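Okay, here's what each chain looks like letter by letter:
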Amino acid sequence: MCTDARSKILDKLFIKFVNDDQDVISNELYMNEEQIRFLVRSGMHVGCHGYDHLWWNSLSKKEVEHEVVESKKFLNSINVDMN
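Conventions used here
- Residues numbered from 1 in each chain as written.
- Predicted model: local features only at pLDDT ≥ 70, side-chain atom pairs only at ≥ 80, totals over all residues.
- Heavy atoms only, no water.
- Helix = DSSP H or I, 4+ residues; strand = E, 2+ residues; numbered from the N terminus.
- Expected span 1.5 Å × (residues − 1).
- Buried < 20%, exposed > 50% of the residue type's maximum accessible area, 1.4 Å probe, protein only.
- Arc of directions from axis to C-beta.
- Contact = heavy atoms within 4.5 Å.
- Patch = residues over 30% accessible without salt bridge, like charges linked within 9 Å, V, L, I, M, F, W, Y side chains within 5 Å.
- Areas by Shrake-Rupley, 256 points an atom, 1.4 Å probe, with all protein chains shown as cover.
- Salt bridge = Lys/Arg side-chain N within 4 Å of Asp/Glu carboxyl O.

1. Some details on helix α4 (residues 61-77)
- Compared with an ideal rise of 1.5 Å per residue, which puts 17 residues at 24 Å, α4 spans 24 Å between its outermost C-alpha atoms and is within 8% of the ideal.
- Along α4, the residues classified as buried are Val64, Glu67, Glu70, Ser71 and Leu75. End-on view of α4: buried residues confined to an arc of 135°, all on one side of the axis. Seen from the open side of α4, the exposed residues pointing more than 90 degrees away from its buried face are Lys61, Lys62 and Ser77.
- Those residues of α4 that are buried lie in contact with α3 (33-41).
- Just past α4, the residue Asn79 takes up positive phi, approximately 65°.

In structure tokens:
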């Protein structure tokens, strides 16, 4: 996987164009565990689209399987039923 190169490039672009703390931006863009649980308690269906947010068409079948399995593990770990 080219995760290391991808991360280095994204870090440089982030600093150059966003120029803000990555944690602050992440907190604004991504839901936290409690927000996901709230959706489920409110009757919403929650699914996953990948653990590392990689482009699936660039991954092997084994890597895609890993993305699905890890996503499901995460949701199960915060008590989100995937069935």
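2. So, the environment of Asp20
- Among the secondary structure elements, Asp20 is positioned in the loop between α1 (3-17) and α2 (22-29).
- Note on Asp20: relative accessible area 41%, which makes it partly exposed.
- Beyond its immediate sequence surroundings of up to four residues, Asp20 is in contact with Phe14 and Ile25.

3. So, unusual backbone geometry
- Positive phi, normally seen in glycine, also occurs at His53, with a value near 55°.
- If you trace the backbone, His53 turns up in the loop between α3 and α4.
- Despite not being glycine, Asn79 has its phi angle at roughly 65°, a positive value.
- Its location among the elements puts Asn79 in the segment after α4.

4. Quick notes on a nonpolar patch on the surface
- On the surface, a cluster of nonpolar side chains totalling about 480 Å² of accessible area is made up of Ile9, Leu10, Leu13, Phe17 and Val18.
- By the secondary structure assignment, Leu13 is in helix α1.

This is a description of form; function is not addressed.
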